[in-house]
Amino acid sequence: MINEQQFLKLLNENKRSIISVCRYYASLSTNLSIEDMFQEISLNLWKSYPKFVKRPDCQLSTWVYRVALNVCISQVRKKDNLLHKPINEEVIRITEITTEQEQIQQLYQLIHKLNREEQALIYLYLDDKSHKEIADIMGLSISNVGTKIQRIKQKLKQMSNNE
């Protein structure tokens, strides 16, 4: 029997990461909402929770993130039959960023220009995942994760300077 209180606690503890994944994938499709994807992820977590509980060798947050990622990718494929939305080349140039929200928006615009692997890595990094967790999720070595993140940061900085 699934312990509902434990599941709700798990969902609450990982809500920020789940919403972050939903926000990104909702931005790829006009047919998907963050709320719908969050609900679908919750349902999939609920269904697969008993199987996870039997596998204590996997970290809980890594499993939740992986389920969220897989559900969102499936939803985008199903709704739009797209994996990536074309980048609008008419990006508004911001000469003076006055608020944190505008800085975050500019960062996400730059991240959308990266390839899918780079996007996944930087989103995991921005979600405060450890290099080990990122390595587990992405199937990379820990040192490779560190190297790739450093290169992505440099690439984003260069892209920012060119705008």
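Presented here is an overview of the structure given in this document. These numbers come from a predicted model, not from an experiment.

### Comments concerning the pattern of salt bridges
Scanning the model with the defined rule gives five salt bridges in all. A salt bridge links glutamate 13 to lysine 9; its shortest N-O distance comes to 3.8 Å. Here glutamate 13 and its partner lysine 9 are both found in helix α1 (residues 4-13), four residues apart, which amounts to about one turn of the helix. Close ionic contact of glutamate 117 with lysine 148 constitutes a salt bridge, the shortest N to O distance being 3.3 Å. Here glutamate 117 is found in helix α6 (residues 116-126), whereas its partner lysine 148 is found in helix α8 (residues 142-162), with 31 residues between them in sequence. Its relative accessible area of 34% is what places glutamate 117 among the partly exposed residues.

### Some remarks on the packing of α6 against α8
Packed helices, taken two at a time, are described by the angle between their axes plus the distance between the axes. For the pair α6 and α8, the least separation of the axes is 10 Å and the interaxial angle reads 100°. The orientation of α6 relative to α8 falls into the category roughly perpendicular. Every residue of α8 that contacts α6 at Glu117, Glu118, Leu121, Ile122 and Tyr125 is listed here: Lys148, Ile149, Ile152, Lys153, Lys155 and Leu156. Counted by class, the contact of α6 with α8 contains six nonpolar, no polar and five charged residues.

### Let's talk about the packing of aromatic side chains
The tally for this structure, following the rule as stated, stands at five aromatic pairs. Ring centres of phenylalanine 7 and tyrosine 49 lie 5.6 Å apart, and the angle between their planes is 70°; this geometry places the pair in the edge-to-face category. With phenylalanine 7 in helix α1 and tyrosine 49 in helix α3 (residues 34-53), the pair connects residues that are 42 residues apart, well separated along the chain. Of the residues examined, tyrosine 49 reaches a relative accessible area of 8% and is grouped as buried. A centroid spacing of 4.8 Å and a plane angle of 80° characterise the contact between tyrosine 24 and tyrosine 25, whose relative ring orientation is edge-to-face. With respect to burial, tyrosine 24 and tyrosine 25 carry one shared label: buried.

### Observations concerning unusual backbone geometry
The general pattern is negative phi for most residues beyond glycine and trans for most peptide bonds. With phi around 60°, aspartate 128 is a residue other than glycine that occupies positive phi space. Secondary-structure assignment places aspartate 128 in the loop between α6 and α7 (131-138). Take aspartate 128: its relative accessible area is 59%, and that puts it in the exposed class.

### Observations regarding the environment of leucine 69
Locating leucine 69 in the fold gives a position in helix α4 (residues 60-80). Given the relative accessible area of 12%, leucine 69 is considered buried. Between the C-alpha atoms of leucine 69 and isoleucine 137, which are 68 residues apart in sequence, the distance is 9.7 Å. Dropping the residues within four chain positions of it, leucine 69 is found in contact with Val21, Tyr25 and Ile137.

### Considering the environment of methionine 138
Looking at where methionine 138 falls in the secondary structure, it is placed in helix α7. The exposure class of methionine 138 is partly exposed, given its relative accessible area of 24%. Here the alpha-carbon distance between methionine 138 and arginine 66, two residues 72 residues apart in the chain, equals 9.2 Å.

### Describing α8
Here α8 is 21 residues long and its end C-alpha atoms lie 31 Å apart, about the 30 Å a rise of 1.5 Å per residue gives. Among the residues of α8, Val145, Ile149, Ile152, Leu156 and Met159 are the ones counted as buried. Take α8 and look down its axis: the buried residues cluster within an arc of 90°, on one side only. Opposite the packed face of α8, turned more than 90 degrees from it, sit the exposed residues Ser143, Arg151, Lys157, Gln158, Asn161 and Asn162.

Definitions and limits used
Residues numbered from 1 in each chain as written. Predicted model: local features only at pLDDT ≥ 70, side-chain atom pairs only at ≥ 80, totals over all residues. Heavy atoms only, no water. Salt bridge = Lys/Arg side-chain N within 4 Å of Asp/Glu carboxyl O. Helix = DSSP H or I, 4+ residues; strand = E, 2+ residues; numbered from the N terminus. Buried < 20%, exposed > 50% of the residue type's maximum accessible area, 1.4 Å probe, protein only. Axes fitted to C-alpha atoms, helices over the stretch in contact; angles between N-to-C directions. Parallel < 35°, antiparallel > 145°, perpendicular 65-115°, else oblique. Contact = heavy atoms within 4.5 Å. Nonpolar A, V, L, I, M, F, W, Y, C, P; charged D, E, K, R; others polar. Phe/Tyr/Trp six-rings, centres within 6.5 Å; stacked < 30°, edge-to-face > 60°. Expected span 1.5 Å × (residues − 1). Arc of directions from axis to C-beta.

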